[in-house]
Amino acid sequence: MCSTSACRSSPLVRGPTGDSVWAAATMAYTGTSTCSVHSCWRQLCSYFTRAALQGSATLSMAYAAALFGDACLRGLNGATATECTYVDSNVDPNLPFLATKVKLGTEGVETIHGLGSLSDYEKEVYSSMTPELQASIEKGIKFVKEN
């Protein structure tokens with residue numbers, strides 16, 4: 001099992017379901033073994049599932065929205081902030097939208113950070129979740145076009 005502080009500081013690259021949640025643990029700290037990356041990722045997926053089943057996902061989303069709103073306001077006031085968010089992105093040419101770290105400033109999103117150096121395990125997880133992300137993105141684009 002990973003340490004709680006390591007999991008808390010791992011940026012998430014994710015889609016709308018537990019199967020498409022991925023903690024980019026090696027972006028958060030170095031010297032991570034594949035075993036601890038796997039444990040951290042599984043632990044975070046488990047948290048998302050438990051939150052949804054227990055009805056506390058809304059509170060988690062509200063808290064995340066408050067943190068992101070605060071970061072946006074700090075950025076607009078001239079103090080840059082870096083947060084994970086879902087944006088129109090060119091990080092992955094197969095995914096027009098992706099949640100990654102972004103730098104927020106006076107003009108909104110100033111920099112979209114890439115995925116960085118990934119371990120073999122992280123590459124495998126990312127590849128396995130890409131079809132789910134593609135399907136979700138296509139569904140969202142279709143909905144917007146039709147409505």
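Below: a short report on this structure. Here the structure is a predicted model, which is why all the values come from computation and not from measurement. (Residues numbered from 1 in each chain as written. Predicted model: local features only at pLDDT ≥ 70, side-chain atom pairs only at ≥ 80, totals over all residues. Heavy atoms only, no water.)

**Notes on the pairing of strand β4 (residues 95-105)**
And step 1. Inspection of the sheet shows strand β3 (residues 81-92) paired to β4 by nine bridges, in the antiparallel sense. Opposite Ala 81, over in β4, you have Leu 104 as the bridge partner.
And step 2. The pairing of β4 with strand β5 (residues 108-112) spans four bridges and is antiparallel. Within the sheet, the bridge partner assigned to Lys 103 lies in β5 and is Thr 111.
And step 3. Between β4 and β5, which pair antiparallel one after the other, the connecting turn spans two residues. (Pairing = 2+ DSSP bridges. Helix = DSSP H or I, 4+ residues; strand = E, 2+ residues; numbered from the N terminus.)

**Describing the pattern of salt bridges**
And step 1. In this structure the tally under the stated criterion is three salt bridges.
And step 2. Asp 70 is the salt-bridge partner of Arg 74, the closest N and O atoms lying 2.9 Å from each other. With Arg 74 and Asp 70 both in helix α4 (residues 57-76) and four residues apart, this pair spans about one turn of that helix.
And step 3. By relative accessible area, which is 42% here, Asp 70 ends up partly exposed.
And step 4. With a shortest N-O distance of 3.9 Å, Lys 103 and Glu 110 are connected by a salt bridge. (Salt bridge = Lys/Arg side-chain N within 4 Å of Asp/Glu carboxyl O. Buried < 20%, exposed > 50% of the residue type's maximum accessible area, 1.4 Å probe, protein only.)

**Notes on the sheet that holds β4**
And step 1. Ordered in space as β3-β4-β5, the three strands form an open sheet in which the pairing is antiparallel. One side of each edge strand has no neighbouring strand; the edge strands of this open sheet are β3 and β5. Sheet twist, expressed as the average angle between the axes of neighbouring strands with direction ignored, equals 55°.
And step 2. Relative to β4, helix α5 (residues 120-146) is tilted by about 90°, and along the sheet it contacts β3 and β4. (Axes fitted to C-alpha atoms, helices over the stretch in contact; angles between N-to-C directions. Contact = heavy atoms within 4.5 Å.)

**Things to note about the nonpolar core**
And step 1. Ranked by size, the top nonpolar core spans eight residues in total: Leu 95, Leu 98, Leu 115, Leu 118, Tyr 126, Met 129, Leu 133 and Ile 137.
And step 2. When contributions to this core are tallied by element, the ones reaching two or more residues are β4 and α5.
And step 3. With four residues, α5 is the single largest residue contributor to this core.
And step 4. Residues contacting Ile 137, with those up to four places away along its chain left out, are Tyr 86, Leu 95, Pro 96 and Phe 97.
And step 5. Counting five residues, the second largest nonpolar core, distinct from the first, contains Ala 71, Ala 81, Val 87 and Leu 104. (Core = buried A, V, L, I, M, F, W, Y, C linked by side-chain atoms within 4.5 Å.)

**With respect to α5**
And step 1. Taking 1.5 Å per residue, 27 residues should reach 39 Å; α5 reaches 39 Å between its end C-alpha atoms and fits that length.
And step 2. Within the sequence span of α5, burial applies to Tyr 121, Glu 122, Val 125, Tyr 126, Met 129, Thr 130, Leu 133 and Ile 137. (Expected span 1.5 Å × (residues − 1).)

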